[in-house]
There are 6 protein chains.
Amino acid sequence: MEASPTLFLITFALMLGASRGDFDLLQDVCVADLYSGVKVNGFPCKHPSTIGPNDFFFCGLANPGIPNNTVGSVVTLAHVEKIPGLNTLGVAMSRIDYAPGGVNPPHIHPRASEILFVLEGELEVGFLTTANVLMSKVIKKGEVFVFPKGLVHFQKNIGTTPAAVITAFNSQFPGTQSIAATLFAASPAVPCDVLSKAFQISDKEVQIIKSKLTPKKQA
Amino acid sequence: MEASPTLFLITFALMLGASRGDFDLLQDVCVADLYSGVKVNGFPCKHPSTIGPNDFFFCGLANPGIPNNTVGSVVTLAHVEKIPGLNTLGVAMSRIDYAPGGVNPPHIHPRASEILFVLEGELEVGFLTTANVLMSKVIKKGEVFVFPKGLVHFQKNIGTTPAAVITAFNSQFPGTQSIAATLFAASPAVPCDVLSKAFQISDKEVQIIKSKLTPKKQA
Amino acid sequence: MEASPTLFLITFALMLGASRGDFDLLQDVCVADLYSGVKVNGFPCKHPSTIGPNDFFFCGLANPGIPNNTVGSVVTLAHVEKIPGLNTLGVAMSRIDYAPGGVNPPHIHPRASEILFVLEGELEVGFLTTANVLMSKVIKKGEVFVFPKGLVHFQKNIGTTPAAVITAFNSQFPGTQSIAATLFAASPAVPCDVLSKAFQISDKEVQIIKSKLTPKKQA
Amino acid sequence: MEASPTLFLITFALMLGASRGDFDLLQDVCVADLYSGVKVNGFPCKHPSTIGPNDFFFCGLANPGIPNNTVGSVVTLAHVEKIPGLNTLGVAMSRIDYAPGGVNPPHIHPRASEILFVLEGELEVGFLTTANVLMSKVIKKGEVFVFPKGLVHFQKNIGTTPAAVITAFNSQFPGTQSIAATLFAASPAVPCDVLSKAFQISDKEVQIIKSKLTPKKQA
Amino acid sequence: MEASPTLFLITFALMLGASRGDFDLLQDVCVADLYSGVKVNGFPCKHPSTIGPNDFFFCGLANPGIPNNTVGSVVTLAHVEKIPGLNTLGVAMSRIDYAPGGVNPPHIHPRASEILFVLEGELEVGFLTTANVLMSKVIKKGEVFVFPKGLVHFQKNIGTTPAAVITAFNSQFPGTQSIAATLFAASPAVPCDVLSKAFQISDKEVQIIKSKLTPKKQA
Amino acid sequence: MEASPTLFLITFALMLGASRGDFDLLQDVCVADLYSGVKVNGFPCKHPSTIGPNDFFFCGLANPGIPNNTVGSVVTLAHVEKIPGLNTLGVAMSRIDYAPGGVNPPHIHPRASEILFVLEGELEVGFLTTANVLMSKVIKKGEVFVFPKGLVHFQKNIGTTPAAVITAFNSQFPGTQSIAATLFAASPAVPCDVLSKAFQISDKEVQIIKSKLTPKKQA
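How each quantity is defined
Residues numbered from 1 in each chain as written. Chains lettered and ligands numbered in written order. Predicted model: local features only at pLDDT ≥ 70, side-chain atom pairs only at ≥ 80, totals over all residues. Heavy atoms only, no water. UniProt positions renumbered as here; feature names shortened; annotations may be inferred. Pairing = 2+ DSSP bridges. Helix = DSSP H or I, 4+ residues; strand = E, 2+ residues; numbered from the N terminus. Salt bridge = Lys/Arg side-chain N within 4 Å of Asp/Glu carboxyl O. Buried < 20%, exposed > 50% of the residue type's maximum accessible area, 1.4 Å probe, protein only. Polar contact = N/O pair within 3.5 Å; in protein donor to acceptor, adjacent residues only side chain to side chain. Disulfide = S-S within 2.5 Å. Least-squares fit on C-alpha atoms with pLDDT ≥ 70 in both. Contact = heavy atoms within 4.5 Å. Domains from an automatic or database assignment. Phe/Tyr/Trp six-rings, centres within 6.5 Å; stacked < 30°, edge-to-face > 60°. Lys NZ or Arg CZ within 6 Å of the ring centre and 35° of its normal. Axes fitted to C-alpha atoms, helices over the stretch in contact; angles between N-to-C directions. Parallel < 35°, antiparallel > 145°, perpendicular 65-115°, else oblique. Nonpolar A, V, L, I, M, F, W, Y, C, P; charged D, E, K, R; others polar.

Chain A appears in an unreviewed UniProt entry as Germin-like protein from Hibiscus syriacus. UniProt, in its Subcellular location (unreviewed entry) section for chain A, records the words "Secreted, Extracellular space, Apoplast".

Here it is in C-alpha cells:
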C-alpha cells in the first residue's frame, strides 16, 4: 500500500524520514542547473537536495543601472540565468534606468508579453501593431503599461530627471532583439542591399549607420 | 492578388485606407469586452476600431492601499478586469501594501506563478512545496523573490514602518484563494467535521474561527 | 531517397530490419527513466529498445488502501513514478479508500483538474471557488464529480460502510498540497503570527494545532 | 482603492453583497452553455449566476451499457456535453461494457491520452506505435493501462463473463475515430480504390465490407 | 443509455439520422465565422451544418504575385482569413514571388516559426539571433530553410530570373511586422528622437527615410 | 551591474568578446543533438558553439521520390531528424510523389495538423471527421488543402501523369500511423478476432490481408 499525500499524519513521518521523496519536490520546481553539460529547452534541474530559498531570490535589481552610453538607458535583467528557480515557472523581471532624454530603443521580445511599472519619472512608451499603428502614452510614477508579445516597442524618458521602471515578462527567458543593432551590427553582416532596399537609403548611408552601431574592437 | 504585409509601400495605402484590415489588429491584441453578453474562457474582444492606448494602461497602482484591517495588508490588482488590453496576453500585476507587522495570509494563485519586487520595507516571504518544505527568506527594498504556480505562499512585514511590493503573474487573471477564508468563511459553509478532522480541533473551535472570519451582515 | 511511413510495404522491411528507427518510437512515447542522473522537467526517456507493455501498466490500485489513521482515508497514486509510460502523456489516476466517516481533508492539486468516480459508498464532495463559494454534492456508487484545477476540495464518507473512489487527473504528476499539514506541520515551520493572523486564533492555539499535526519523531 | 482578495474580512462583505464579482467565478470555471447560438473552440460559458454543483456532476456511468451489437461492447461517455462543468478543465471519463468475447474495435482519440481502470473482468488491451509495434497486455479487475495520445488502440474481453472499465482522458472532448467505420462507412464514401490499394483487397471485397458496416436505412 | 462512438453499427444510424450530433463535428474543426459580430481570440465557429470541403481549400497561391514595387517582392498569404477551416488548427502558408534582385525586407512573425521551400530560383535567406548572429545561406529550387519564431529574417533573390517560394507557419495567423515600415511609417509616427538615437542618425535623416517609406495620400 | 541587451553599443562589445553568452543563443534555438545519450521529449540541444546555418537547411526534398511500390506513392520527410534546427520550433515539411493512379493510403498524424500545396498534377484529397463525414475535393497545381490534427486522411493522384505535393505540419515530428499497415502488419500482430469483428470479415480474410501487407523476410 502506498502512502497518501493527503493523509498527513502518516505522510509527514515518511516524507521527513529517510525515504523522503525527491520526486515530489522536483515537480513543484525545477531549479536550473546552469552549468550542466546537458542542454535542453530551458535548463535541466539541479538535484532537489541542493536547492534552497536563495534559488528563488535576486538582489541585482536593487541598485540603479548607470546609463552612461549613447542611448541613455540600461536594462538589468532578472531572468532564469540570474534566478535559477525561475526555470519552468514562466516569469521574469527587469529594471530599466534612463538618463534624462534617454531612450530604450525599439526592440522585440520574441517569447513574452511585458508589463511595465514606473518607479520614478515620466516616460513616453509605445508599441506598434502589425498594422503599423502606434499605441503610445505618457506615463508617470506608479502607472502601468503593457506591450503585447512579439511586437516592436520602446520607452523614452521625457523628463529632466533620471527615470526607472520595473517590468515583468511571462517567460523565464524572454529574449531581446534590439532592431537597429540586429540589422546594422550583426555578425556576419546583413547584406547591404537588403538594408538599402528596406530603408530606401543608399549603400553609403547603410555603411555609415553600420560604422556607428558596430562595437569597436578593443585595442 | 493579395496585398503583401512585407510590401510596405503598397500595404500602407491599403491599410490606412477604407479597406484597412481589422483582422490584423485583432490578432495582435484582443482587448477584453468586459461587458459582452457572451462569456468565453477569458473575454471576447472589443471591436478593433474602438481600442486605443488607454486599454493597455492603468493608474490604480500609483497610490498605496490602506491596510486598515485585521491582517494588516491590502492587495490592489492590475489584471484583465482593470487593464482590458491584457486579455490573451498572459500577464498581470498587483501592488501589496502592509502595515508594520502586517501579513498577507497564506494563499494560492491557481493559475499563475508570481514574482515579487520590494518597493519599500523589509518582509519575510515564503512558499511551501508539496513535500511541506518551507522556502522562506527575509528580503528588503529592491530585492526579488519567486512563488511557483499553485503553491501556498505568504508575506509578512517584519519592519516597523509600512512596506509595499509590486508583484507580477504569468496569467491575465491569476485568481486568489485565501486559505483561511476559503475554509472557514465559505458560503455555503464547509462541513464542520471536515474542518475539525483536517485541523484536529473540536467542532466548537471550528465555530469560533468561523465566527471570526465570516463577514458581518450589514445592519 | 527516404523511406515513407505511409508506404507500408517498403517501410516495414526497413523498420523491422537492422535500421529500425528508435526515433519513431521515442516520439510516440517517452517512458520515464526514473533513475537517470539528469533531471529535467518531467523525466528523461528510457532508451526505446528497453520499453515494453509493462511500462504502461500498474496493478497497485487493485486492492483497497487501509485508512487506519486520524482522518480515516488513504490515497493510492498511479502517477508517472508508478507508471513510467505516463511521462509526457498528461494523465494519472488515484484510488481513495475511506473508513465510515472518513475525510480526505481539504487540499489542492497545483497542476491538474480531477474527475472522480465512486466505486463504493456514499460521499459528500465539494470544491471552493476563489469567490469562496462551496460547490458540493452527495454522490454515490457509479456517480461522477469534477474538481477544477488548483481549487481547494475535499471528500467525506457519509455512509456507515467503507467507501472507495477512482479519480483521474490531467497531469502525469498532479501534486497534492494538503492545506492543514502544509500550514501547521511544515519544516521549517510557518511563522506563528502568520497563522494566528490568518485564522484569527491565539499563538497558543496555533501551537496546539501544530503539535497535533506534526509527525512524531521516531524513538 | 480596490478590495483585496487576500483581505478576507473586507472581501467577503463585498463579494457576498450586491456587487459580488461574477468575473472571479467565471475564471475558475467556465461551465459550458451547450445551447448558445455562438460557437467557439469548446463552448461559451453559462452566466456565473446560473451555475451550481449539478454542472459538475454526472450519474450516467452508474449503470452498465448493454452491448447487444455486433462487436459486443458499448461506450458511455462522460465528456463536456454530459458534464458542462468540464468546459476548459481538460478532463473527461467513459465507461465501457463488454459482453464475453466483446471487442472495442481499433480506434483513435485525436485529442487525448487515455488511462483505463478495470471494474470487472479480464481484458486484452493494446496500442500500436507509429513504428507498428503492438504494446499489449492482459489486465484484470483493479489494474490500469495507458493509451498514448492519437495512437490506435483496442480492448477485448477475453473472459467468459461481462467486463467493464472506467477510462479517463486529458481532454474535455477527446473525440473517437473508429477505424473500420471511418474508412468503410463514411458519408460520402471513401473512394473504393483508395481502400482497395490500402488493404490490398479487390473492389468487390471493399463493397462487401462497406455493406456490412454501413448502417441500414430506416424503413 | 448513451450511444457509443465506437459502436459503429448503432452510432451511424444515430449520427446520420435526425439527432445527428453537431457537437461531434464542432470539436474536430471550428471553421472560422469571419463575419460574426462576436470577436474572440481567433474566430467563433460557423454552425457545423454549414461547413464543407471548400472551407479547407484555397486557390489563391496558384498564380505568382507581381512584385512591381520598390522592394521587388510580394507575399500572398493563405491564413485563416483566406481558409476559414484553419481556425484552431495552428497552420498557415504563404507564397512569395521575387523579381530578380528583389528583397523580402527584414521582418518578424510574432506568433510563428516559418519553414520555406524554394519553388523556383536562387535566394539568399537568413535570420538573426538575439545575440545578433546572422544565420544565412544561399538556397535553390527544392531546398528548405527554417526561421525560428519571433526572430528577424529576410530573403533576397540573388538570381537573374524571378524566384518563388512556399512557406508554412505554425499559426493560423502568424502576423508580420516589417521592420522598416513599422518604425518609419507608422501612424501615429514613432517619435523622431527615438529613431535618431536608435539608428544614430540625424533627425533630418529620419525625416528623409520617413518620407520615402510613408504611403502617399491619394489625390 | 548587468549589461543590457537593448543597449547595443555596450552589449556588442560584451557579446562578441570572450564572455559572449551561449545562453542567449540557446534559448532562441535548441538545435537537436540527435546522437545524445540523454533522451528527452524532443531532443537535447547541441552546444551553441557548434551550430550554424546548415542546421536549419535541408536539400532532401529537391528531387522526386520514386513511387515504385504497390500503392504508387512515396513520402519524403523533412522533420527534426533531417533538420536538427527544427527542434522546439514546432514545424516540419514533407514532399509526396505519386505515380499516375497512386494513392497515399488513409493515415493519421497523431501530433499535427497538415497543410498541402500541389506542385504538379491533380489529386483527390480528403479527411474524415469523427462523425464519419468525408470532406474531400479535387485539387490541382498551386492549390491548397488542410487536414485537421489527428483525423484520418488520404490523397489519390487522379491524373494520368505523376503528381507531387509539399505539405507542412505544426510539429517538429508529426508521426504517421498508416491505418492498414498498423492494423494488419503490426509486430506482434493485432489479435485476429479483433480485426475480424472490427471489419466484419472472416478470420481467413484477415489472414489474407495480413499476408499481403506484412513485409517479406529477406532471404
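K.L.:
Please explain the sheet that holds strand β9 (residues 153–157) of chain A as it appears in this structure.
P.N.:
Picture the strands of a sheet paired through backbone hydrogen bonds; they go either parallel or antiparallel. All names here are of chain A. The strand order β7-β6-β9-β4-β11 describes an open sheet built from five strands, whose pairing is antiparallel. Each having just a single partner strand, β7 (134–140) and β11 (177–178) make up the two edges of the open sheet. Pairing geometry for strand β4 (residues 103–108) and β9, over three bridges, is antiparallel. Bridge pairing in β9 places V103 opposite K156.

K.L.:
Would you mind going over the pattern of salt bridges with me for this structure?
P.N.:
Under the definition given, this model contains 36 salt bridges over all chains. Among the salt bridges present, the one from R111 of chain A reaches D28 of chain F, with a minimum N-O distance of 2.9 Å. Of this pair, R111 of chain A sits in the loop between β4 and β5 (114–120) while D28 of chain F sits in helix α2 (residues 22–28), on two different chains. Residue D28 of chain F is classed as buried on the basis of its relative accessible area of 6%. A salt bridge links K141 of chain F to E120 of chain F; its shortest N-O distance comes to 3.1 Å. Of the two residues, K141 of chain F is situated in the loop between β7 (134–140) and β8 (144–147) and E120 of chain F in strand β5 (residues 114–120); the sequence distance between them amounts to 21 residues.

K.L.:
Any chance you could explain the environment of N69 of chain E here in plain terms?
P.N.:
Residue and element names in this part refer to chain E. Inspection of the secondary structure puts N69 in the loop between β1 (57–58) and β2 (73–78). Its relative accessible area of 16% is what places N69 among the buried residues. Spatially, the C-alpha atom of N69 lies 31 Å from that of G90, the residues being 21 residues apart in sequence. In this structure the side chain of N69 is engaged in a polar contact, spanning 3.1 Å, whose partner is the backbone oxygen of S73.

K.L.:
Sorry if this is basic, but what is going on with the state of the cysteines here?
P.N.:
All names here are of chain A. Under the definition given, this model contains six disulfides over all chains. For C30, the disulfide goes to C45, at an S-S distance of 2.0 Å. With the S-S bond torsion at -90°, the cross-link from C30 to C45 turns out left-handed. Taken together, the residues C30 in the loop between α2 (22–28) and β1 (57–58) and C45 in the loop between α2 and β1 connect sequence positions 15 residues apart. Of the two residues examined, C30 and C45, each falls in the buried class.

K.L.:
Mind showing me how you'd approach the relation of the copies chain E and chain F here?
P.N.:
Two copies of a chain can be linked by a rotation about an axis combined with a shift along that same axis. Laying chain E over chain F is done by rotating through 180° and shifting 0.0 Å along the axis; what remains is an RMSD of 0.0 Å. Given the turn and translation reported, the copies of this chain are related as if by a two-fold rotation axis. Residues of chain E ranked by C-alpha distance from the rotation axis are headed by N170 of chain E, positioned 2.4 Å from it. An overlap of 100% is found between the interface residues of chain E and their copies at the interface of chain F, pointing to a shared contact surface.

K.L.:
Can you help me understand the domain arrangement of chain A in this one?
P.N.:
A common way to state how big an interface is: give the accessible area lost once the parts meet. Domain boundaries in chain A define domain 1 (14–56), domain 2 (73–176) and domain 3 (185–213). Computed over C-alpha atoms only, the centres of domain 2 of chain A and domain 3 of chain A are separated by 27 Å.

K.L.:
Explain the packing of aromatic side chains to me, please; I cannot follow it from the model alone.
P.N.:
Both the distance between ring centres and the angle between the ring planes are used here to describe each pair of aromatic rings. If you walk through the whole model with that rule in mind, you get 33 aromatic pairs over all chains. Judged by centre distance (5.5 Å) and plane angle (50°), the rings of F184 of chain D and F199 of chain D are tilted. Linking F184 of chain D in helix α3 (residues 179–184) with F199 of chain D in helix α4 (residues 192–199), this pair joins segments that are 15 residues apart in sequence. Here F184 of chain D falls in the buried class, since its relative accessible area comes to 2%. Three or more aromatic residues joined by ring pairs form one cluster here, namely F56 of chain A together with F127, F145 and F147 of chain B. Lying over the aromatic face of F57 of chain B, K137 of chain A brings its terminal NZ or CZ to 4.5 Å of the ring centre.

K.L.:
Which parts of the structure should I look at to understand the side chain of Q200 of chain A?
P.N.:
Examined against the element boundaries, Q200 of chain A turns out to sit in the loop between α4 (192–199) and α5 (203–213). The exposure class assigned to Q200 of chain A is buried, which follows from its relative accessible area of 18%. In this structure the side chain of Q200 of chain A is engaged in a polar contact, spanning 2.9 Å, whose partner is the backbone oxygen of K197 of chain A. Those residues in contact with Q200 of chain A that sit more than four places away from it in its chain are L195 of chain A together with T70, K212 and L213 of chain E.

K.L.:
Is there a simple way to think about helix α4 (residues 192–199) of chain E in this case?
P.N.:
For the α-helix, the turn length of 3.6 residues means that residues three or four positions removed from each other point alike. All names here are of chain E. Burial analysis of α4 places six of its eight residues in the buried class, which makes it a mostly covered element. Residues C192, V194, L195, S196, A198 and F199 constitute the buried set of α4. Q200 sits one or two positions beyond α4 and adopts a positive phi of about 55°.

K.L.:
How should the packing of helix α4 (residues 192–199) of chain B against helix α5 (residues 203–213) of chain B be read in this particular structure?
P.N.:
A packed helix pair is summarised by two numbers, namely the angle formed by the two axes and the spacing between the axes. Residues and elements named next belong to chain B. Between α4 and α5, the least distance of the axes is 9 Å, while the angle of their chain directions is 105°. When the axes of α4 and α5 are compared, the pair comes out roughly perpendicular. Listed contacts from α5 to C192, D193, L195 and S196 of α4 are D203, V206, Q207 and K210. Its residues assigned to classes, the contact of α4 with α5 comprises three nonpolar, two polar and three charged.

K.L.:
Help me understand the environment of V144 of chain A, please; the structure alone is not making it clear to me.
P.N.:
Of note, V144 of chain A is situated in strand β8 (residues 144–147). Since its relative accessible area comes to 0%, V144 of chain A is described here as buried. Separated by 22 residues in the primary sequence, V144 of chain A and I166 of chain A have C-alpha atoms spaced 9.7 Å apart. Once you skip the residues sitting within four places of it in the chain, V144 of chain A turns out to touch I115, L116 and F117 of chain A together with F56, F57, F58, L61, I83 and M93 of chain B.

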